[in-house]
Structure formats: C-alpha cells, structure tokens
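Close look at the chain arrangement
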Protein chains: 2
Amino acid sequence: MTEDMRNIRLLLEYDGTNYHGWQSQAGSGMPTIQDSLEAALRQLTNEDCKTYSSGRTDAGVHAYGHVANFFTSRSIPADAWAPALNHLLPPDIRVLTSGEAPANFHARYSALGKTYQYRILNRRAPTALDRNRAWHVNSQLNIEIMRLAAARLIGRHDFSAFRGARCGAKSPVRTLTRLDVIERENFVEIWCEAESFLQYMVRNISGTLVEVGLGRFSPDDIERMLESRDRTEAGRTAPPQGLFLMKVVYPEGG
Amino acid sequence: MTEDMRNIRLLLEYDGTNYHGWQSQAGSGMPTIQDSLEAALRQLTNEDCKTYSSGRTDAGVHAYGHVANFFTSRSIPADAWAPALNHLLPPDIRVLTSGEAPANFHARYSALGKTYQYRILNRRAPTALDRNRAWHVNSQLNIEIMRLAAARLIGRHDFSAFRGARCGAKSPVRTLTRLDVIERENFVEIWCEAESFLQYMVRNISGTLVEVGLGRFSPDDIERMLESRDRTEAGRTAPPQGLFLMKVVYPEGG
C-alpha cells in the first residue's frame with residue numbers, strides 16, 4: 001500500500017458449491033474463494049497480494065457480482081488482470097472485469113450498498129439441476145402473505161432477531177431499503193438491499209418469510225420478532241445454496 | 001413384459017455434467033443416466049429392470065423432462081416409485097413423478113414429439129455459475145438475423161446437413177414444428193420442437209444459427225445447406241452443456 005503501488009479492482013462471479021465461503025480460514029485446510037484468488041495472484045505476480053473483499057459469504061453461497069481489490073507493483077494493464085487470472089483460477093471462479101481503482105478504494109469500506117437474491121424452487125417435485133442453486137420448498141408458498149411480512153421488515157430496525165450468533169458487527173441496527181418477493185415460473189426470488197447486512201441476515205429473513213408463506217407465522221409476528229431482539233423468536237435460517245450476492249454498489253468513480 | 005407385469009413410467013430431471021449421456025455403454029466403464037437408474041431399480045426391486053427411454057442424450061446434455069418406462073412384478077404403489085428411487089439415486093438425477101402406464105406404452109415409440117431448449121450466454125464476460133448450463137458466446141449475436149435463418153429451417157426437410165455422422169435413423173427427413181429464438185437478459189434460448197430428431201440435430205442447428213448470428217452465414221445460406229445434404233456445408237456443432245431436453249409429448253392417456 002505504498003504510494004507507488006496500483007490498486008486493482010476485480011468483479012468476480014463464483015459457484016460457491018465447493019467452497020467454504022469467501023474468507024480464508026487459517027489452518028483449517030478448507031478451500032475458500034479468497035485462497036484460490038490469492039494463489040492465482042501469487043502465481044501471476046510473484047507477490048503476496050492480500051485481497052480486500054466487499055464482504056464475506058458463507059459456505060455454499062454464490063456470487064454474480066463480488067468485488068475485491070488488491071495492491072500490486074506489477075505493470076500488467078488494468079483490463080488484462082481478468083483474462084490472466086482466469087487462466088489460473090478454477091472454472092467455478094471467474095473474474096468478469098478488472099480495472100484500476102483510486103488509491104483509497106476499499107472493496108468493503110467504499111461500498112454504498114449490496115443486493116442479494118435468495119432463490120426458492122417452490123414445487124412438489126424434487127430437483128436435480130437446481131439442487132445447488134435454490135432452496136427446494138415443496139409445499140405451496142402464499143406469496144401475497146410473504147409480501148405483507150416483507151413490508152414490515154423494510155426500513156431501519158434492530159435486526160438482532162435475524163442475526164447470526166457469531167456476528168461481529170458493533171450495532172444490530174440496519175436499514176433494509178428493498179425486500180421484494182418475486183414469482184418467476186416455479187421460483188420465488190427474495191431480493192434484498194441494504195447498505196450493509198448482519199451475519200446470516202438475508203438467510204434468516206428468507207427462512208422467516210418462507211415460514212410465513214407456509215402459514216407458520218403471520219405478518220403481525222414480524223413486529224414481535226423485531227421487538228424481541230431474540231434470534232430464537234424469528235424463523236429458521238434458509239440453507240446457503242439459495243443465496244446469491246448480485247451486486248455491490250459504489251459511489252461513481254469510487 | 002408378460003401380461004401380469006406392470007408398466008411404470010417415470011419423468012426424470014438430470015444434470016448431465018458428470019454423465020456420458022443417457023444410454024448404457026456396455027463395457028466402457030463410463031457412467032450413464034440409464035446405468036444409474038437401472039442400478040437403483042435393481043436395488044429397489046431385486047429384478048433386472050430394463051428401462052426404455054424417450055431417446056438418447058449426449059454426454060453433458062441435461063433434461064428437465066426425460067421419460068422412461070420399465071416393467072415390473074413388484075406391487076409398489078405407482079406414485080411411490082419416485083420417492084423410493086430418489087433415496088437410491090445420486091442427487092444429480094431425480095425422478096419427478098412416477099405412474100402406471102398402459103401395457104403398450106413405450107417411452108420412445110409412443111412419443112408424439114419432443115421439445116429442446118438450447119441455451120446461450122451471450123456476453124463478453126466469462127461465466128462461473130453457468131459454465132455447465134450454457135454455451136458462452138462472447139461476441140454479440142444478431143438475434144433478428146438468427147430468427148430469419150430459423151424460419152428457413154421450420155417445416156419438413158432433408159436434414160442430412162444437420163445430422164451426426166453416426167446417426168442410425170433410416171430417413172434424414174424430419175419436420176421441425178417450432179424453432180424460436182428468444183432473448184432473456186444475457187441469454188439467447190433456441191427452442192426446438194419436432195416429432196423426432198436426428199443425432200446432434202439440435203446442436204447442429206444451434207451451432208449454425210449462432211454462426212448466422214455472428215455474420216459467418218446469411219439466412220440465404222440455410223437453403224444451400226439443406227440442399228447440399230452435406231454436413232460439412234452447415235455450421236458447427238454447439239457444445240453439449242447448453243442443451244436441455246424440456247419435454248416429451250404423448251397422446252392423452254398414452
């Protein structure tokens with residue numbers, strides 16, 4: 001991070017099925033996306049490039065638009081990092097684009113917001129092709145009721161009831177700016193946007209909305225859950241394979 | 001196939017990525033969908049159930065609606081075969097539904113038609129999540145020109161120029177009843193319907209339409225290709241991972 005180093009920003013897509021999430025887990029021997037990316041960077045640059053990420057993802061979670069940055073002294077042209085890294089990365093991780101960022105750009109601290117999609121296959125029959133890309137819910141979901149419940153979660157709240165036990169965030173208050181429930185053929189998509197999220201927050205919201213859609217909770221229960229600030233009052237954690245990080249938003253030119 | 005045996009019909013979905021197609025390949029040691037299904041049936045019934053299929057699929061090709069049938073003396077209720085088989089099958093093969101069929105039902109010979117979808121991801125950036133579910137074409141396709149070319153293929157033609165070299169069909173004449181080119185976000189879907197198809201026909205048509213969309217052939221070239229009856233005159237064979245068997249149609253009650 002000395003002044004003569006370049007700050008390179010990467011947009012990544014990955015199939016998280018075979019990874020234990022984004023973040024390196026020192027000594028665990030578990031493959032992570034960050035490990036794979038840093039190994040490819042080491043091979044390409046002969047430097048130890050530490051990567052900064054827009055955030056963590058859980059094991060089995062996918063991304064269409066994860067952002068990472070790193071500092072390097074190498075003179076590889078900014079847009080050539082993507083094809084060069086793709087030659088070295090496994091096929092379930094691709095760099096979509098690469099570019100040079102301002103010295104003060106940080107994939108996490110510069111982010112203005114994130115969009116997640118949680119994908120549910122709602123049909124009786126099981127699935128082969130979507131087994132790692134959706135949560136299969138085989139009872140009929142009531143979409144209208146799920147939308148009413150989602151409306152109660154929009155806005156600024158203490159999301160302690162929707163927060164993973166090992167969440168390290170200082171404050172449990174977050175502002176949900178979008179929570180849409182969209183039907184598309186046999187799929188139900190939950191689209192979720194916020195400036196930032198707590199650990200497991202999208203999966204806990206999705207699991208709770210599914211339980212509302214199955215009649216186990218009512219939209220009125222949402223307020224009780226929020227007020228309780230107690231994780232055990234809300235619904236279950238939706239499984240990881242339905243979750244996709246779609247997009248990270250940055251200031252223009254950021 | 002004695003008269004006291006029941007004829008059970010299965011609707012299957014599979015992810016063909018890790019298989020060498022549907023059909024057993026005696027002595028090859030290559031895993032096929034048919035092998036996996038017959039192994040599960042053997043485990044369940046203690047009988048050697050030969051399965052009859054709506055058709056073959058190539059290595060790497062997927063299905064949302066493959067149909068197979070087999071004869072059995074076992075008294076398992078018709079709709080219980082699906083969950084029972086799913087306990088024994090690998091997760092990339094699922095039986096969606098099972099039912100009892102008339103004694104003369106044959107998954108291939110009773111079929112009235114089939115629908116395939118060929119899926120193309122048309123964008124510059126590479127793909128991780130769709131690497132086994134689409135053909136990635138990174139130059140912009142001209143969809144309108146592809147539609148003009150598709151219109152020339154609709155109807156009854158000698159499809160020798162679009163037929164695999166080892167195709168065993170007696171006649172190269174087929175009747176295409178649908179060939180639609182549909183845009184959906186970054187994807188281009190080629191939907192293809194006929195009573196039956198020649199070997200590699202959908203992949204050869206899709207490869208040719210993509211070459212038309214890239215400007216390498218014009219819609220007028222399609223007639224020349226058909227008239228030539230020469231495989232080398234038409235376009236390339238599209239790769240298998242973009243092809244999905246969507247549906248097999250049978251007579252009502254058939």
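My aim in this report is to walk through the structure given alongside it, one point at a time. No experiment lies behind these values; they were computed from the predicted model shown.

With respect to helix α5 (residues 219–228) of chain B
Residue and element names in this part refer to chain B. The set of residues buried in α5 consists of P219, D221, I222, M225 and L226. Viewed along the axis of α5, the buried residues span an arc of 140°, placing them on a single side of the element. Residues of α5 that are exposed and angled more than 90 degrees away from the buried face: D220 and E227. The secondary structure elements touched by the buried residues of α5 are α3 (143–153), β7 (155–158) and α4 (201–213). Two residues or fewer after α5 comes R229, characterised by a positive phi angle close to 55°.

Remarks on the nonpolar core
Core analysis: the biggest nonpolar cluster contains 67 residues, and A:L153, A:L176 and A:L209 have the highest contact counts within it. With 6 residues, the top contributor of residues to this core is helix α4 (residues 201–213) of chain A. Setting aside its immediate chain neighbours within four residues, A:L209 contacts A:M146, A:A149, A:A150, A:L153, A:L179, A:V181 and A:I190. In this structure, B:L41, B:V61, B:I120 and B:L245 belong to the second largest nonpolar core, which totals 66 residues.

Some thoughts on the environment of A:G168
Mapped onto the elements, A:G168 comes out in the loop between β7 (155–158) and β8 (173–184). As for A:G168 and A:Q199, which are separated by 31 residues in sequence, their C-alpha atoms are 7.9 Å apart.

Concerning the interface of chain A and chain B
Residue-level contacts link 25 residues of chain A with 25 residues of chain B. When chain A packs against chain B, the two sides together hide about 1,800 Å² of surface, and 54% of this comes from carbon and sulfur. There are 4 salt bridges connecting chain A and chain B. Linking A:R123 and B:E13 is a salt bridge whose minimum nitrogen-to-oxygen distance equals 2.8 Å. Linking chain A to chain B there are 12 residue pairs in polar contact (both at pLDDT 80 or more). Every element with two or more residues in the side of chain A that touches chain B is listed here: β1 (6–14), β3 (62–72) and β4 (93–101) of chain A. Looking at the side of chain A that touches chain B, the element that brings in the most residues is β4(A), giving 4 residues. Split into classes, the residues belonging to the side of chain A that touches chain B amount to 12 nonpolar, 3 polar and 10 charged.

Thresholds applied
Chains are numbered independently. Their residues run from 1 in the order of the written sequence. Following the order in which they are written, the chains are lettered starting with A and the ligands numbered starting with 1. Only residues with pLDDT of at least 70 are given local features in this predicted model, and only at 80 or more are side-chain atom pairs given and counted; all residues enter the totals for whole chains, interfaces and linings. Each side-chain value is worked out from all heavy atoms of the structure, with water and hydrogens disregarded. The classification of residues rests on relative accessible area computed with a 1.4 Å probe and restricted to protein chains. Under 20% of the type maximum is buried, over 50% is exposed, and intermediate values are partly exposed. The helix count covers DSSP runs of H or I at least four residues long, the strand count covers runs of E at least two residues long, and both are numbered beginning at the N terminus. Arc definition: it is the arc formed by the directions from the helix axis to the C-beta atoms. Any two residues whose heavy atoms approach within 4.5 Å at even a single point are treated as in contact. In this text, buried Ala, Val, Leu, Ile, Met, Phe, Trp, Tyr and Cys residues form a nonpolar core when linked through side-chain atoms within 4.5 Å. Reported buried area values correspond to the accessible surface (1.4 Å probe) lost by two parts on association, with both partners' losses combined. We define a salt bridge as a side-chain nitrogen of Lys or Arg found within 4 Å of a carboxyl oxygen belonging to Asp or Glu. Within 3.5 Å is the distance limit for a polar contact, defined as a pair of N or O atoms, with the added protein rule that one can donate a hydrogen and the other accept it, and that residues adjacent in sequence qualify only through two side-chain atoms. Classification used: nonpolar for Ala, Val, Leu, Ile, Met, Phe, Trp, Tyr, Cys and Pro, charged for Asp, Glu, Lys and Arg, polar for all others including Gly.

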